[in-house]
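The chain contents come next:
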Amino acid sequence: MSLSAGLAEAVSEARVDPDYLRIEKVSKRFGSTTVLSDLDLAVGRGEFVSLLGPSGCGKTTLLRIVAGMLAPERGQVAVGGRNLTRVQTHRRNIGVVFQNYALFPHLTVAENIAFGLRAQRLPAALIGERVKEALAMVRLEDFADRRILALSGGQQQRVAVARATVVKPALLLLDEPFSSLDRKLRETMQIELRHLLRDLDITSIFVTHDQDEALVMSDRIAVMNAGRIEHLDTPARVYARPNSLFVMEFVGQSTRLGGTAAGGEHGSMAIDTGQGRLRAPGSFMAGSAVVLGIRPEAIELGEGPGDAFNTVRARLRDIVFFGARTMLYFEPANPADRILVDLARLPGGLAPGATVTLRWPVAETLVFPAP
Amino acid sequence: MIATPATPAAAPTKERRPFDPKALIVLPGIAYMALVFLIPVLRLVGDSLRGAEGFSLSGYDRVLGDPYYVQVILNSLQLGLVTTLGTLLLGYPAAMALSRAKGQWQVLLVALIFLPLTVSIIVKTFGLTIMMRRDGIVNWLLVNLYVIDRPIRLVFTEFALYFGMINVFLPLMILPLYSVMRMIDPRLGEAAASLGAGPARTFFRVTLPLTAPGIVAGVSLVFSIAVAAYVTPGLLIGDRFMTMSQVMAKAYLNLRDFQLGASMAMIMLAIALIVIFLATYLARMGVARDPPR
Amino acid sequence: MIARLALGFCWCMLALVLIFLFAPILIVVAVSFTESPIFAFPPTGFSLRWYGAIRNADGLIAAAWLSAQIALMATATSLVLGTLAAIAVVRRMVPAGEAVAAFMASPVMIPGLVLGIAMLQAARAFGLTDAYSTLLMAHVVVTMPFVMRTVLASLSLFNFDMVDAARTLGCSYPMALWRVLVPGILPGFMSGALFAFIASFDNYPVSIFLVNVRTKTLPIQLLNQVEISPDPTVAAVATLLILATVAALIACDRLVGLRRMASI
Ligand SMILES: Nc1ncnc2c1ncn2[C@@H]1O[C@H](COP(=O)(O)OP(=O)(O)OP(=O)(O)O)[C@@H](O)[C@H]1O
Ligand SMILES: [Mg+2]
C-alpha cells in the first residue's frame, strides 16, 4: 500500500471539491435485468477511485453511462458542477481507456495520440508538440511512426493512456486496463500509471476486478454489488472495516463462522458458533442468525491473556507457504465455516494434524447479519 | 468463394434485448430481398405445381416420365460429375504445390489462379472455341506431339465440352483446396514417413483425410455450378448435348412452355441445394469429429 | 525420395494448370491484334483494325454502357442495403441474425437460370415491362450475396469500441463513423464491391430472360456476336475488358492493398 502515501494529500484536495464527479440515483436495465439501481457515487477532484466488483456487476455499464455512451433510465451525472445528463459523449471531455484499448489500427502511434487534438482542430504545430510530450511521458518516443499492430501489449496500453490523457480530460475512466497483461508487467504498469496520473492531476475512475490492484493503487475503493456501491472508503478501511459480508468476502480473505446471537450489553454480545460461544462488538437481537468474520492477520496462536480475546481450538489441515507469509488452514466444526490464519513466521514443530489454540481481539471481530 | 455463408463472430449474449429502433435498418434489405427474390422463387415453385386447372404434378410427370427429359437430366449430372472429377484430379496436386510455395511466391501464384475468375466466361469460352478449331492450337499441339497425324474436328464434341468446362471451373476447385491445405503442417507427412508409413499409406491415411474439408467444399461448389452451366456448353457443344439449362432456356425463350420450364428449374434447384446442404452437413460432421486445434 | 518426386509432380501440375488457365485468355488477346479475320494459329501479322471496328460493330458500345450502368447502380444499392442489414446482424440488434445473413446471401446458391426465370415470371405477373428497371432490380439480387459476405466478415472483425473511443476524443457520432468505421471496413467494402460489380457486369443467365431487343447487356450482345459473326472484333472487346479488370485490381491494390482485401 506504499502508493497510498499520497493519500493525505489527495484527501485534502478532495475536500476542496469532494463532489467533483457526482453520480446520483442512476438506474439502468437491459430488458428485464436491472444492472444499476439507484446508484450514488461522489469522487473528489484529483482523486483516484477504484471500482471493484465481480464480473457482470455493471462496472462497464456505469463507465459507459458516465462517458455518455449509454443513457440511464433515471438519475444524473455531473462533473465539476456541470450536469452532463443531456450532453453528448463528444462534448463531455471525459477520457476513456478501453478494456481492449480500442486503438485505431489504420493509424500510427503518433496519429492515434493526435486523434483527439485533431478533432479539436488545434493548430498543427501545437498538435505536434503535445504529441511529442505525450510520447515522452509514456516513453514511446522511438515508436511514433509504428503501426499499432506492431506493438507489444504493454506498449499498446501506454498508447491508450497517452491518447486519452493528451486532450487533458476533465475525468479519466479506465476499464480494466491491465487485464490482458501478464502479472509482472501489470505490477510495473500499476505503479507507472499511478505516478503518471498524479503528475497530470487527473481525476480517475479505475475499473478492476482484481482486489490487490485496487488496494495498491487507489485513494479510495468503491466496491460494487447488485447494482449499487456497497462500500466507498480508503483501502485500509475497506479492508479492516468492511460494510457488509459481501465486501468482506470480496476484498481479501477471512475466517468465517456462522452463528446465532445470544444477547449481550454495552455494545458487546455473545454469539453461539460451531467453535463455541464467542464475543463480538455490536448488538443483534437474540436469536438472529449472524456471520462472524476475522481477517487472518488478526489471529494469533496460543491462549488469550484475558477478556479482550476470543479463543477457539481447531485442527490444522494445511500449511501453505507464500514466501513472505504463511497461511494456515484449519478444520472448522461446521463444514460451511472457514478458519484461516496468516503468520509472518511459522513456529517450529507445527504440522498438519495438530490441534492448536487460536486467539484474536474481540474488537477485531466483524459481525454481519447472515444472508 | 466457398459455399458456406459467413457468420458474425461477435460474442453471443444470452439476455433478451429490448426492442431497439435502430434495428429497423435491417428492414430495407430484408424487404427488398423478400419482394424481388423470395416471392419470385416461391411463385416459380407454384408454377411448377400448376396444371391446366389448378394444382397438379403433371409438370413433373411430363419431365420424369419422358425418356428424352430423363436423358437431359442425366446429361446434366454427367456434365457436373465429369467436370468435378476433372477439376479435382488436376486441381488437387496443383493446390498442394500452391500451399507449399514460399512467401511472396504464394501470394503471386494464388493471384494468378484467381485472376481467370475475373475474366468473363464468355470471353474464356470464346478463346476456347478458337483454340479448338481445326487450325487451332490444340490440334497443332496434338499433331506436333504425334498424338494424331491429321487435325481433327474438336468443336461440338464432348472432348471440347469437358476441356472447356474444366478450364472454366478449375479455379473454383483449387482455391477451397488451397485454403485448407495451407493450414496443414507439412511436417505431418514427414512424421508419418518417419513412423515407417510408405508414401501411398501416408497419402491415404494422413494427407487425404486432412484435406477432406477442402475436397468437400471444392467438389460441392464446382458440381452445383457446373450442373447448371449454360454459356459454356451452349458454345462448345450446342444442341448435340442437351442439358437441363438448355431445355429451360428453350422452354421460356422459344417454346413458351412455362410448366415444363418451371418443373425443370425446380429439379435443377433441388439438385443444387441437395449438394450444398450435403456439403454443409459433411463439413459440420468433420468439425464435430476433430475440432480445430 | 518418393515424397520429393511427388512434390515435383505437384509443381509440374501447377505449371500446367497455369498454362491451361491462361491459354484461352492469352489467345483472345493475341487474336485481337491479328490482321486476318480468321483465327489461324500461329497468328500472323499485327494490326489494331479490330479495335477500330468496335465502333462500327452493332450495339457493342451501347451494351457495354448499359452493363456498366446496371452493374454500378446494382452494386451501390446492394452495398447500402447489405451494409445496413449487416450492421444490424453484427451488432445483434435483430433476433436470428444468422438466418437473416444466410437469407441475404442465399441467391448465390440458386442457379442463375432459375433466378432469371423466377424474375421473368414475376415481372410479367406484376406488369413490369421496362427491361432497364427489371434488369436493375434483378442485378441487386445477384450482387447482394457478394456484398453481404465480405461486409459481414469485415464488420464482425471490427471492434465497435473504436467508435466510442473516437467519440470520447471529441468526434460526433457521424464523424466517428467516418473517421474510424469507414477506414476499418474499407477493404471489405472494396472487395465486396469489386466482386459484386464483376458478378453483375458478367452476368448472363439472369439477364438473358430480362433483356429485350433494344435493351441488351454486354454479355448478351457478346454471346450473340460470338454465335452469329465471330470475328476478332469480339476479341478486341474482350481484351479491353481484361485490361479494365486488371486496372481495377491495381487501383484497389493502391487504395487499400489487395492483401488486406484478400484476407477478408
Ligand atoms: N448492451 C447490453 N444488452 C444487454 N445486456 C447487457 C448489455 N451490456 C451489458 N449487459 C449486461 O449487463 C450486466 C453488466 O454488464 P457490465 O459489462 O457492465 O459488467 P462488468 O461489471 O463490466 O463485467 P466484467 O468485469 O466482466 O467486464 C451483465 O449481466 C451484462 O450481460
Ligand atoms: Mg466490463
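### Some thoughts on the confidence of the model for chain C
Then, number 1: Looking at chain C, pLDDT values average 85 and 94% of them are 70 or higher.
Then, number 2: The ipTM, which scores confidence in the relative placement of chains, is 0.86 for this predicted complex, and the corresponding pTM is 0.74.

### Side note on the interface of chain C and chain B
Then, number 1: At the interface, 83 residues of chain C touch 88 residues of chain B.
Then, number 2: For the pair chain C and chain B, the interface holds 0 salt bridges.
Then, number 3: Where chain C meets chain B, there are 3 residue pairs in polar contact (both at pLDDT 80 or more).
Then, number 4: Counting residues per element, the side of chain C that touches chain B draws most heavily on helix H1 (residues 2-32) of chain C, at 18 residues.
Then, number 5: For the side of chain C that touches chain B, the per-class residue count stands at 70 nonpolar, 4 polar and 9 charged.

### What about the sheet that holds strand S8 (residues 204-208) of chain A?
Residue and element names in this part refer to chain A.
Then, number 1: Spatially, S6-S7-S8-S3-S9-S10 is the arrangement adopted by the 6 strands of the open sheet, whose pairing is mixed. Each end of this open sheet is capped by a strand with a single partner; those strands are strand S6 (94-97) and strand S10 (228-233). Sheet twist, expressed as the mean angle between neighbouring strand axes with direction ignored, is 20°.
Then, number 2: Bridging between S6 and strand S7 (residues 171-175) involves 4 bridges; their strand directions are parallel.

### So, the pattern of salt bridges
Residue and element names in this part refer to chain A.
Then, number 1: In this structure the tally under the stated criterion is 23 salt bridges over all chains.
Then, number 2: Between Glu192 and Arg139 there is a salt bridge, and its shortest N-O distance comes to 2.4 Å. With Glu192 in helix H6 (residues 183-200) and Arg139 in the loop between helix H4 (124-137) and helix H5 (153-165), the pair connects residues that are 53 residues apart, well separated along the chain.
Then, number 3: Its relative accessible area of 26% is what places Glu192 among the partly exposed residues.
Then, number 4: The partner of Arg256 in a salt bridge is Glu249, and the shortest N-O contact between them spans 2.6 Å.

### Remarks on the packing of aromatic side chains
Then, number 1: In total, this model carries 14 aromatic pairs over all chains according to the counting rule given.
Then, number 2: Aromatic side chains Phe197 of chain C and Phe201 of chain C sit 5.7 Å apart centroid to centroid with 15° between the ring planes, which places their arrangement in the stacked category. Here Phe197 of chain C pairs with Phe201 of chain C, and both are found in helix H8 (residues 173-201), just 4 residues apart, close to one helical turn.
Then, number 3: When its relative accessible area of 15% is taken as the criterion, Phe201 of chain C is described as buried.
Then, number 4: By the ring-pair criterion, three or more aromatic residues cluster together here, those being Phe48, Phe178 and Phe206 of chain A.
Then, number 5: The ring of Phe160 of chain C has Arg91 of chain C sitting right over it, with the charged end atom 4.1 Å from the ring centre.

### Points about the site of ligand 1
Then, number 1: Around ligand 1 sit 13 residues in total, of which Ser55, Gly56, Lys59, Thr60 and Thr61 of chain A are the nearest.
Then, number 2: Those residues lying near ligand 1 are distributed over chains A and B.
Then, number 3: Measuring from an oxygen atom of ligand 1, one finds a backbone N or O atom of Cys57 of chain A at 3.2 Å.
Then, number 4: Coverage of ligand 1 by the protein chains reaches 73% of its 640 Å² of free accessible surface.
Then, number 5: Take the shell around ligand 1: its biggest share by element is 3 residues, from helix H2 (residues 59-67) of chain A.
Then, number 6: Classifying every residue of the shell around ligand 1 by side-chain character gives 3 nonpolar, 6 polar and 4 charged.

### Some thoughts on the packing of helix H3 (residues 67-100) of chain B against helix H4 (residues 103-114) of chain B
Residues and elements named next belong to chain B.
Then, number 1: Between H3 and H4, the shortest axis-to-axis distance is 8 Å and the interhelical angle comes to 150°. By the angle between their directions, the pair H3 and H4 is classed as roughly antiparallel. Of H4, the residues touching H3 (which contributes Leu98, Ser99 and Arg100) are Gln106, Leu109, Val110 and Ile113.
Then, number 2: Partitioning the contact of H3 with H4 into residue classes produces 4 nonpolar, 2 polar and 1 charged.

### Looking at the state of the cysteines
All names here are of chain C.
Then, number 1: Under the counting rule described, the total for this entry stands at 0 disulfides over all chains.
Then, number 2: Of all cysteine sulfurs in the structure, the one in Cys12 sits closest to Cys10, which takes part in no disulfide; the separation is 9.2 Å.
Then, number 3: Among the residues examined, Cys10 registers a relative accessible area of 9% and is labelled buried.

### Topic: the side chain of Ser67 of chain C
Then, number 1: Tracing the backbone through its elements, the reader meets Ser67 of chain C in helix H3 (residues 60-90).
Then, number 2: Ignoring anything within four residues of it in the chain, the contact list for Ser67 of chain C reads Phe201, Thr217, Leu218 and Pro219 of chain C.

### Comments concerning unusual backbone geometry
Leaving glycine aside, a negative phi is the common case for residues, and trans is the common case for peptide bonds.
Then, number 1: Of note in the backbone geometry, Arg256 of chain B takes a positive phi value of approximately 55° without being a glycine.
Then, number 2: A relative accessible area of 54% means that Arg256 of chain B is categorised as exposed.
Then, number 3: Positive phi is not limited to glycine here, since Ala96 of chain C has a value of about 55°.
Then, number 4: Along the chain, the position of Ala96 of chain C falls in the loop between H3 and helix H4 (97-105).

### Observations regarding a nonpolar patch on the surface
Residues and elements named next belong to chain B.
Then, number 1: A contiguous nonpolar surface patch, about 410 Å² in accessible area, is contributed by Trp140, Leu141, Leu145 and Val147.
Then, number 2: Looking at where Val147 falls in the secondary structure, it is placed in the loop between helix H6 (137-144) and helix H7 (158-181).
Then, number 3: Of the residues examined, Val147 reaches a relative accessible area of 56% and is grouped as exposed.

### Things to note about the interface of chain A and chain C
Then, number 1: Across the boundary between the two partners, chain A contributes 20 residues, which contact 15 residues of chain C.
Then, number 2: Surface buried jointly by chain A and chain C totals about 1700 Å² across both partners, of which 64% is contributed by carbon and sulfur atoms.
Then, number 3: Together, His90, His106 and Phe115 of chain A form the three largest contributors to the area buried by chain A at its contact with chain C, with a combined 33%.
Then, number 4: Seen at the junction of chain A and chain C, the total is 1 salt bridge.
Then, number 5: The residue Arg64 of chain A makes a salt bridge to Asp164 of chain C at a minimum N-O spacing of 3.2 Å.
Then, number 6: Taken together, the links from chain A to chain C amount to 4 residue pairs in polar contact (both at pLDDT 80 or more).
Then, number 7: Looking at the side of chain A that touches chain C element by element, the count peaks at 4 residues for helix H3 (residues 109-119) of chain A.
Then, number 8: Tallied by class, residues from the side of chain A that touches chain C come to 11 nonpolar, 6 polar and 3 charged.

The rules behind each value
Residues numbered from 1 in each chain as written. Chains lettered and ligands numbered in written order. Predicted model: local features only at pLDDT ≥ 70, side-chain atom pairs only at ≥ 80, totals over all residues. Heavy atoms only, no water. pLDDT = per-residue confidence, 0-100. Contact = heavy atoms within 4.5 Å. Salt bridge = Lys/Arg side-chain N within 4 Å of Asp/Glu carboxyl O. Polar contact = N/O pair within 3.5 Å; in protein donor to acceptor, adjacent residues only side chain to side chain. Helix = DSSP H or I, 4+ residues; strand = E, 2+ residues; numbered from the N terminus. Nonpolar A, V, L, I, M, F, W, Y, C, P; charged D, E, K, R; others polar. Pairing = 2+ DSSP bridges. Axes fitted to C-alpha atoms, helices over the stretch in contact; angles between N-to-C directions. Buried < 20%, exposed > 50% of the residue type's maximum accessible area, 1.4 Å probe, protein only. Phe/Tyr/Trp six-rings, centres within 6.5 Å; stacked < 30°, edge-to-face > 60°. Lys NZ or Arg CZ within 6 Å of the ring centre and 35° of its normal. Near = heavy atom within 4 Å. Areas by Shrake-Rupley, 256 points an atom, 1.4 Å probe, with all protein chains shown as cover. Parallel < 35°, antiparallel > 145°, perpendicular 65-115°, else oblique. Disulfide = S-S within 2.5 Å. Patch = residues over 30% accessible without salt bridge, like charges linked within 9 Å, V, L, I, M, F, W, Y side chains within 5 Å. Buried area = accessible area lost by both parts, 1.4 Å probe.

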